[in-house]
Amino acid sequence: MLEIRNLRVKLAEEDKLILSGISLEVPKGQVHAIMGPNGSGKSTLAYVLAGREGYEVIGGEVLWNGEDLLAMEPDERAAKGVFLAFQYPMEIPGVATMTFLRTALNAVRRSRGQAELTTPQFMKHVREEALGLAIADEILKRPLNVGFSGGEKKRMEILQMAVLAPTLCVLDETDSGLDIDAVRIVSAGVNKLRSQDRAMLVITHYQRLLNYIVPDKVHVMADGKIRKTGGKELALELEKSGYAEFKSKALESA
Amino acid sequence: MTLASTRTKAEQALSRSFEAVAAELPGGRAIAEARKAAIGTFAALGLPHRRLEQWKWTDLRSALKEALPPAVNERHELSASIIDAALEELAAIDAHRMVFVDGRHAPQFTTQADLGGLEVTPLAEALRPDGSASDALTDQSITGNEAVVALNTAFMTDGALIRLAKGVRLDKPLLLLFARSAREGRLVTLRNRIVLAEGAEATVIEAHLALPGAAAGQTNTLTDVRLGPGARLAHVKCTLAGERASHLATWLATLGQTSVYRAFQLTAGSGLVRNNIFALFKGEGAKLDISGAFLGREVEHIDTTLVVDHAVPGCESRELFKGVLADRAHGVFQGKVIVRPNAQKSDGKQMAQALMLSPDAEFDSKPELEIHADDVVCGHGATAAEIDEDLLFYMRARGIPVAQARALLIESFIGEAIDKVEDERLRVALAQMAKRRLTGLTAAQP
Ligand SMILES: Nc1ncnc2c1ncn2[C@@H]1O[C@H](COP(=O)(O)OP(=O)(O)O)[C@@H](O)[C@H]1O
Ligand SMILES: [Mg+2]
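Read on for a plain summary of the structure. (Residues numbered from 1 in each chain as written. Chains lettered and ligands numbered in written order. Predicted model: local features only at pLDDT ≥ 70, side-chain atom pairs only at ≥ 80, totals over all residues. Heavy atoms only, no water.)

Each aromatic ring pair is specified by the distance between its two centres and by the angle formed by the two planes. A full pass over the atoms with the stated rule returns ten aromatic pairs over all chains. Residues Tyr47 of chain A and Tyr55 of chain A carry aromatic rings whose centres are separated by 6.3 Å and whose planes lie at 20° to one another, so their mutual orientation is stacked. Looking at Tyr47 of chain A, the relative accessible area reads 10%, which means it is buried. Cluster of aromatic residues (ring-pair linked, three or more members): Tyr47, Tyr55, Phe86 and Phe100 of chain A together with Phe393 and Tyr394 of chain B. Positioned over the ring face of Trp57 of chain B is Lys56 of chain B, at 4.6 Å from the centre of the ring. Between Arg274 of chain B and the ring centre of Trp55 of chain B, over which it is positioned, the NZ or CZ distance is 3.5 Å. (Phe/Tyr/Trp six-rings, centres within 6.5 Å; stacked < 30°, edge-to-face > 60°. Buried < 20%, exposed > 50% of the residue type's maximum accessible area, 1.4 Å probe, protein only. Lys NZ or Arg CZ within 6 Å of the ring centre and 35° of its normal.)

As structure tokens, then:
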């Protein structure tokens, strides 16, 4: 279970408050969506969960399976099952995708007390997952994300997620920039991972993705706060009315 | 004011050393004369210093506090296993070997290459009055009056003279090992020459290593490379000279028509290194690719200075140097590409990049283009950057511990240069050797 309690976050270098008291609970086995206008703080929340530097937590707490997530280093969090699919995946020149996946998987398995996979086991595992995501073998040999299209990068994030088998999946705008076929492929990949031992937080600007990854709950975020929570039908409402209702406050306060 | 009074202690000591050992240095009368002239040239020039443009970041006059006595006839007791251990991964490469210890050929470790069309002669032998050495050994046409080259001519004791006949393809790499073993600091001076006749092909590896227990010494090494028309040479230099050791190296390469010269230099674990490379295109349509990786830590100083001279039309030159600098290490890259007035269709690209692991490390670079022709494609660049924190975070978010993430990023940075080595076994060996040293660099970081 992910428990976020009154989380307040500012930029480390500036006096700018970005998250002004987020509270949220995602039990295992559930998928929650966070929707909201650009600049509302969705990525910041995702980054803070993953442990990125540059943000300062000035209040509240985040518990993952009862443990204080915020006290852990990013790689410790990954070892505890946290995974962030980045809105803007990084390019890593000179590190072949396969090498990267293997290094990450071995690191995570070691930290979870599991044996490393043999090379054939590993290759088989990755190839199977890649096939489902329509990722060509040739891409796995290229340096990670270097020269990949936007869609390829997003599919690669999901491949990493499938390979690392995390238990808390945070997906930050995995659908942005994808055409409808790619949204289907990515969603199928995500849905395959839905299970009783996994909690998922799906961040998206558009309702479209939620037709494919049907959430248990939808939270609307604006100005660094959860402004409304509802069932999956809330996403459809937003699709009609837009974020105007929430944006107006942002404009007033600006 | 006399010249001598303005000379540093080391400069004076070098001149005195020469007087002391001249009689023991190999060579007949003509060579002795050439040596004498060279030490005269050195006496007039002195050690290069920062007021000379090409030496502004590597001031030998202040860096070389003392001149060590020249190694002339050092005794050493070595075993093949000590040598293999020092060669690390290079030991496993199937190669013809020629071994020099403290500036002297060690025939017991040399494997005789029995191949028609290949001549390999130790310099000391060739310099004997009845030997085969020609005045080519003292030819300074490329560098003009270079003090370091003059010192090399004055003091050279041994080295490898390699000649490959027309059309001969060397069956496996030739590994030249220059090991230091002396327990007392010595000046070792080496001179090599690699001549490939028309269409000949070879891979030559120079490994400059310190054996366990060797004192920090000084090395002056020069390799003269001459490629005939259509010849192909892969030339690798691996410099692991040892802490506090100084290593001055000069490569002089002339490229004949349509010849291909692929060179790579790995430099690490060495106190002070200057790798000077002068490459001259003599025939049209030739290609040159020089790359290198250098790893510096503590107060190590690694300088790569190269001049590529497009003297004839239609040649291509590529240089890629990558360095990783930790602690207070100092890296220098100076690359000058000259395109002569008639050298149309010249194509030159140069890049030097350093990864700075510490705020106290320093990287100075000066890529330079001197273009006198109009129909050319030339480019250059140099960067110094720290490890990208965003990349580091991305990798950590995937569960990779920070030290490992750093190491992987550094390795891939260096890897781009090592990837230029075409021979796979050699490339893997060099990557492993570099990686071993990277672990040392990253472990030292916070
Ligand atoms: N590292 C940062 N530096 C400066 N401003 C930032 C930084 N991270 C986030 N912000 C600001 O915080 C607000 C929320 O950003 P973000 O979390 O990216 O929103 P969203 O993902 O919902 O579009 C924006 O106003 C953004 O400009
Ligand atoms: Mg965002």
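Still more ground to cover, so stick around.
Residues and elements named next belong to chain A. In the vicinity of ligand 1, the residues found are Leu11, Lys16, Ile18, Pro37, Asn38, Gly39, Ser40, Gly41, Lys42, Ser43, Thr44 and Tyr55. Gly41 places a main-chain nitrogen or oxygen 3.0 Å from an oxygen atom of ligand 1. One of the backbone N or O atoms of Lys42 is found 2.9 Å from an oxygen atom in ligand 1. Protein chains shield 62% of the accessible area of ligand 1, which is 550 Å² for the free molecule. When residues in the shell around ligand 1 are grouped by element, the largest group, three residues, is from helix H1 (residues 42-50). Among the residues forming the shell around ligand 1, the class breakdown is four nonpolar, six polar and two charged. (Near = heavy atom within 4 Å. Polar contact = N/O pair within 3.5 Å; in protein donor to acceptor, adjacent residues only side chain to side chain. Areas by Shrake-Rupley, 256 points an atom, 1.4 Å probe, with all protein chains shown as cover. Helix = DSSP H or I, 4+ residues; strand = E, 2+ residues; numbered from the N terminus. Nonpolar A, V, L, I, M, F, W, Y, C, P; charged D, E, K, R; others polar.)

The next subject is the packing of helix H1 (residues 9-21) of chain B against helix H2 (residues 29-45) of chain B. Residues and elements named next belong to chain B. In contact at an axis separation of 10 Å, H1 and H2 are set at 165° when each is read in the N-to-C sense. Judged by the angle between their axes, H1 and H2 are roughly antiparallel. For the pair H1 and H2, the crossing hand works out as left-handed. Facing H1, whose interface residues are Glu11, Leu14, Ser15 and Phe18, H2 presents Arg35, Lys36, Ile39, Phe42 and Ala43. Counted by class, the contact of H1 with H2 contains five nonpolar, one polar and three charged residues. (Axes fitted to C-alpha atoms, helices over the stretch in contact; angles between N-to-C directions. Parallel < 35°, antiparallel > 145°, perpendicular 65-115°, else oblique. Left-handed = near helix turned anticlockwise from the far one by under 90°. Contact = heavy atoms within 4.5 Å.)

The next point concerns the sheet that holds strand S10 (residues 242-255) of chain B. Residue and element names in this part refer to chain B. Strands sit in the order S3-S4-S6-S8-S10-S12-S14-S16-S18 across an open sheet of nine strands; the sheet is mixed. Looking at strand neighbours, the two that pair on one side only are strand S3 (118-122) and strand S18 (362-371), the edges of this open sheet. Put simply, the sheet's adjacent strands are angled 5° from each other on average, direction ignored. One ladder, built from four bridges, connects strand S4 (residues 160-164) with strand S6 (residues 187-196); its direction is parallel. Bridge pairing in S6 places Leu161 opposite Arg193. Against the sheet, helix H6 (residues 147-155) engages S6, strand S8 (218-227) and S10, with an angle of about 95° to S6. (Pairing = 2+ DSSP bridges.)

Residue and element names in this part refer to chain A. In the first shell of the magnesium ion (ligand 2), the protein supplies Ser43 (OG) and Gln87 (OE1), at 2.1 to 2.3 Å from the metal. Taken together, the residues Ser43 in helix H1 and Gln87 in the loop between strand S6 (82-85) and helix H3 (97-111) connect sequence positions 44 residues apart. Note on accessibility: Ser43 and Gln87 belong to one class, buried. (Donors = N, O, S within 2.8 Å, 3.2 Å for Na, K, Ca; no water.)

Every contact between the two is made by 16 residues of chain B and, on the other side, 31 residues of chain A. Of the roughly 1,900 Å² buried at the junction of chain B and chain A (both faces included), carbon and sulfur atoms supply 66%. Area buried by chain B at its contact with chain A is led by Phe393, Tyr394 and Arg398 of chain B, which between them contribute 40% of it. Remark: the boundary between chain B and chain A carries four salt bridges. For Arg396 of chain B, the salt bridge identified is with Asp75 of chain A, shortest N-O distance 2.9 Å. If you look at where chain B meets chain A, you find nine residue pairs in polar contact (both at pLDDT 80 or more). Among the secondary structure elements, those contributing two or more residues to the side of chain B that touches chain A are helix H7 (389-397) and helix H8 (402-418) of chain B. Top contributing element to the side of chain B that touches chain A by residue count: H7 of chain B, with seven residues. Residue composition of the side of chain B that touches chain A, by class: ten nonpolar, three polar and three charged. (Buried area = accessible area lost by both parts, 1.4 Å probe. Salt bridge = Lys/Arg side-chain N within 4 Å of Asp/Glu carboxyl O.)

Let us now look at the packing of helix H6 (residues 150-164) of chain A against helix H7 (residues 180-193) of chain A. Residue and element names in this part refer to chain A. The geometry of H6 relative to H7 is characterised by a closest axis approach of 10 Å and an angle of 15° between their N-to-C directions. Taken together, the axis directions place H6 and H7 in an arrangement best described as roughly parallel. Crossing of H6 against H7: the hand is left-handed. Where H6 approaches H7, its residues Arg155, Ile158, Met161 and Ala162 are matched on the opposing element by Ile185, Val186, Gly189, Val190 and Leu193. Residue composition of the contact of H6 with H7, grouped by class: seven nonpolar, one polar and one charged.

On to the nonpolar core. Residues and elements named next belong to chain B. Counting residues in hydrophobic clusters, the biggest one holds 137 residues, and the most contacted among them are Leu90 and Val324. Leu90 has contacts with Leu175, Ile205, Ala207, Cys238, Leu426, Ala429 and Met433, leaving out every residue within four places of it along the chain. Counting 55 residues, the second-largest nonpolar core is a separate cluster that includes Val225, Leu227, Ile302 and Val339. (Core = buried A, V, L, I, M, F, W, Y, C linked by side-chain atoms within 4.5 Å.)

Residues and elements named next belong to chain B. Extensive coverage of H6 is indicated by the burial of nine of its nine residues. Regarding H6, the residues found buried are Ala147, Val148, Val149, Ala150, Leu151, Asn152, Thr153, Ala154 and Phe155. At its buried positions, H6 is contacted by H1, H2, helix H3 (60-63), S6, S8 and S10.

In this section: empty space enclosed by the protein. Residues and elements named next belong to chain B. Summed over the entire model, instances satisfying the criterion amount to four cavities of 30 Å³ or more. Roughly 130 Å³ of internal volume is contained in the largest cavity. Along its surface, the largest cavity is lined by 15 residues, and Leu14, Leu64, Leu151, Leu187 and Gln218 are the ones closest to its centre. Of all elements in the fold, only H1, H6, S6, S8 and S10 reach the threshold of two or more residues within the lining of the largest cavity. In terms of residues, the lining of the largest cavity owes the most to one element, S8, which gives three residues. Along the lines of polarity and charge, the residues of the lining of the largest cavity split into nine nonpolar, five polar and one charged. Roughly 80 Å³ of volume is contained in the second largest cavity. (1 Å grid on protein atoms, 1.4 Å probe; cavity = no way out; pocket = protein on both sides within 12 Å on 5 of 7 lines; lining within 4 Å. Points joined across faces, edges and corners; volume = space filled by probe spheres on them.)

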